[in-house]
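Single-letter residue listing:
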Amino acid sequence: MPNLGPMELIMIVLVLAVLLAWILLIVRVIRVAWGGESARQVQELEARVKELEQKR
């Protein structure tokens, strides 16, 4: 097993944290690109239509 010093451990943790941040950013971009916001707006509009239909 390799002998790791404190600086190497800090660098490994830092690199892993940066990779995790990039992965989360990519996932967020993909969700937005696939209409995550649009889906929410559609649900709000559907709820509004149902509300207006009930008021008739």
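Reading guide: rules and limits
- Residues numbered from 1 in each chain as written.
- Predicted model: local features only at pLDDT ≥ 70, side-chain atom pairs only at ≥ 80, totals over all residues.
- Heavy atoms only, no water.
- Salt bridge = Lys/Arg side-chain N within 4 Å of Asp/Glu carboxyl O.
- Helix = DSSP H or I, 4+ residues; strand = E, 2+ residues; numbered from the N terminus.
- Buried < 20%, exposed > 50% of the residue type's maximum accessible area, 1.4 Å probe, protein only.
- Expected span 1.5 Å × (residues − 1).
- Patch = residues over 30% accessible without salt bridge, like charges linked within 9 Å, V, L, I, M, F, W, Y side chains within 5 Å.
- Areas by Shrake-Rupley, 256 points an atom, 1.4 Å probe, with all protein chains shown as cover.

## Observations regarding the pattern of salt bridges
Logical step 1: Applying the stated criterion across every chain, the model contains two salt bridges.
Logical step 2: Salt-bridge contacts for Glu51 lead to Arg48; the nearest nitrogen and oxygen are separated by 2.9 Å. Placement of the pair is Glu51 and Arg48 together in helix 2 (residues 36-55), with a separation of three residues, close to one helical turn.
Logical step 3: Judged by relative accessible area, which is 41%, Arg48 ranks as partly exposed.
Logical step 4: Salt bridges sharing common partners tie together Arg48, Glu51 and Lys55.

## Topic: helix 1 (residues 6-33)
Logical step 1: An ideal rise of 1.5 Å per residue puts 40 Å on 28 residues; helix 1 measures up with 41 Å between its terminal C-alpha atoms.
Logical step 2: Gly35 occupies a position one or two residues after helix 1 and carries a positive phi of about 90°.

## What to know about a nonpolar patch on the surface
Logical step 1: A surface patch of nonpolar side chains, about 980 Å² in accessible area, is lined by Met11, Leu14, Val18, Trp22, Leu25, Ile26, Val29, Ile30 and Trp34.
Logical step 2: One can find Ile30 in helix 1.

## Topic: the environment of Met7
Logical step 1: Along the chain, the position of Met7 falls in helix 1.
Logical step 2: Expressed as a C-alpha distance, the spacing of Met7 and Ala21, which sit 14 residues apart in the sequence, is 21 Å.

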